[in-house]
Amino acid sequence: MADVNFRLRVHDTLSRRKVRIEPSAQKGRKELRLYVCGITPYESGHMGHAFTFCTFDILVRFLEASGVRVRYVQNITDVDDPLFERARRDGIDWRDLVAQEVAVHIRDMDALGWRRPDVMPRVSEEIEPILRAATQLHSRRYAYQSDALYFDVSRYPRYGQLSHRTRRSMIRKLREEELLGTVGAGAKRDALDFPLWRASAPGEPAWPSRFGDGRPGWHIECSAMVMRYLGEQIDIHGGGRDLAFSHHESERAQSESLTGKVPFARVWMHTGLVRYEGRKMSKSLGNLVLISQALERAPAAAVRLYLASRRYGRDWEFSWSGLAQAARLAERLRVLLAGEPAGVGTARSARTGRVGPKKGMSPAGRRLQAQFTAALADNLDTPRAIRVLRAAIRAGEADAARSMLSLLAGTASLS
């Protein structure tokens, strides 16, 4: 069978088309460099977070089972306004809040059976490379200093292309998110300019710099961490669709300005937003379904299968009835696989296994496995992959079903 990675295509936000993923050769083996924007640890993770991180878990497992080494980095934004606001509100040290919420995040995602990222850098531990990147942008005249150090968007004419927004639309979104700031003397020159380094408020952490004691702006943090752990150009940059602007738009602009290398990311891959009770699930609106709440109502593998039943790039509505339906599917799988020995056709771990029909599977199982592989290779079409999984259950093809489950649900429990 041909290597699956040469047929894998995903939707690229920048070009608005499906593009082929072609990992580069490193020391005789294919390797893919992936960066996914992680959590700001000030509230427990909800199903919107789980949807994004489980989507990329399937991608990583699929690639690794195809023989591709994946270098996976997912950051923790532990220096940010919402975190400090929550710490002040609750009268807790921000570092204690971070430790508490990061532990919950790891616990929840481990329960959901993810393959942990290779590196999970924290902004507070990356100040030196972040400040170095900001300083270089200033010395090369891509940034200017007033009440903060700002990136000069006029120096990057492609600003807005990633999110496909007009200037008016970008300004409107910044205003809606209360990120517009002040334009004028002693402030920023243009509404779209964004801070690379800023003064800290009383009670917030501050680090010394030539621009004054303070802390990084949001966007420069990820650029610096990408470059430190993955290099100046990466294969896939991922995150939720709400990050396309302004976070990823700004990250792309400053990174390509800093290095002169285009593209910064060969593919921009964004997951859809999860709604609940008719509105986007968010901390600010208070309409959250926490990962822990879902795990109280259904087995972890059922939660994973429910998330995988939705196309990754589309917005969708969470429902408890939908989760219950996934729980019934998980129970059918549990019954099928109970007492079944792991045959030679069973998938091995994601890092060492192979995608596609396996030696020892029945002809019917091999056909189903090939259909499953084709579904994932076509823009990670997990709903179609689950339909193939259902067909494997109906046919009693335990080996094929187990192999499919290992990619869709990782190590999540069926019971």
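Here is what the cut-offs are and how they apply
- Residues numbered from 1 in each chain as written.
- Predicted model: local features only at pLDDT ≥ 70, side-chain atom pairs only at ≥ 80, totals over all residues.
- Heavy atoms only, no water.
- Helix = DSSP H or I, 4+ residues; strand = E, 2+ residues; numbered from the N terminus.
- Rg over C-alpha atoms; globule rule 2.2 N^0.38 Å.
- Buried < 20%, exposed > 50% of the residue type's maximum accessible area, 1.4 Å probe, protein only.
- Contact = heavy atoms within 4.5 Å.
- Areas by Shrake-Rupley, 256 points an atom, 1.4 Å probe, with all protein chains shown as cover.
- Pairing = 2+ DSSP bridges.
- Axes fitted to C-alpha atoms, helices over the stretch in contact; angles between N-to-C directions.
- Parallel < 35°, antiparallel > 145°, perpendicular 65-115°, else oblique.
- Nonpolar A, V, L, I, M, F, W, Y, C, P; charged D, E, K, R; others polar.
- Salt bridge = Lys/Arg side-chain N within 4 Å of Asp/Glu carboxyl O.
- Right-handed = clockwise from strand over helix to strand, strands pointing away.

Some words on the overall build of the protein
For the protein, the count of helices and strands is 13 helices and 14 strands. A compact globule built from 415 residues would reach a C-alpha radius of gyration of about 22 Å, and the protein, at 22 Å, matches this within 12%. Along the first, second and third principal axes, the C-alpha atoms of the protein reach 70 × 45 × 35 Å. For the protein, buried positions account for 57% of its 415 residues. Restricting the contact set of the protein to residue pairs at least 6 apart, pairs at least 24 apart contribute 74%. Here the protein displays about 17500 Å² of accessible surface, and carbon together with sulfur accounts for 47% of that area.

Some details on the pairing of strand E1 (residues 9-12)
As paired elements, E1 and strand E2 (residues 17-20) share 4 bridges and run antiparallel to each other. Among the inter-strand pairings, His 11 is bridged to a residue of E2, identified as Lys 18.

So, the sheet that holds strand E14 (residues 316-317)
One open sheet holds the 3 strands; their spatial order is E13-E12-E14, and the pairing between them is mixed. Looking along the sheet, the strands with just one partner apiece sit at the ends: strand E13 (279-280) and E14.

Describing the packing of helix H9 (residues 300-308) against helix H13 (residues 398-408)
The interhelical angle for the contact between H9 and H13, taken along N-to-C directions, is 80 degrees, at an axis separation of 10 Å. With respect to their mutual orientation, H9 and H13 come out roughly perpendicular. Taken together, the residues of H13 that come into contact with H9 (itself represented by Arg 304, Leu 305 and Ala 308) are Leu 405, Leu 407 and Leu 408. Residues that form the contact of H9 with H13 fall into these classes: 5 nonpolar, no polar and 1 charged.

A word on unusual backbone geometry
The amide bond that connects Phe 245 to the next residue, Ser 246, takes the cis arrangement and shows omega of 10 degrees. The topology assignment puts Ser 246 in helix H7 (residues 244-259). Positive phi, close to 65 degrees, is recorded for Arg 141, a residue that is not glycine.

Quick look at the pattern of salt bridges
Counted according to the given criterion, the structure contains 34 salt bridges. Linking Asp 381 and Arg 384 is a salt bridge whose minimum nitrogen-to-oxygen distance equals 3.3 Å. Arg 384 gets classed as partly exposed once you look at its relative accessible area, which sits at 26%. Through salt bridges that share partners, Lys 18, Arg 311, Asp 378, Asp 381 and Arg 384 make up one connected network.

Examining the pairing of strand E4 (residues 29-36)
The element E4 is extensively covered by neighbouring structure, given that 6 of its 8 residues are classed as buried. Bridge count between strand E3 (residues 24-26) and E4: 3 bridges; the pairing is antiparallel. Paired with Ser 24 across the bridge in E4 is Glu 31. Between E3 and E4, which follow one another and run antiparallel, lie 2 residues, and Lys 27 among them has a positive phi close to 55 degrees. Note: E4 against strand E5 (residues 69-74), 6 bridges, orientation parallel. Across the sheet, the residue bridging to Leu 34 is Tyr 72, located in E5. Crossover connection from E4 via helix H1 (residues 47-65) to parallel E5: handedness right-handed. Taken together, the 3 bridges between E4 and strand E10 (residues 234-240) define a ladder with parallel strand orientation. Following the sheet pairing, Leu 34 is matched in E10 by Ile 236.

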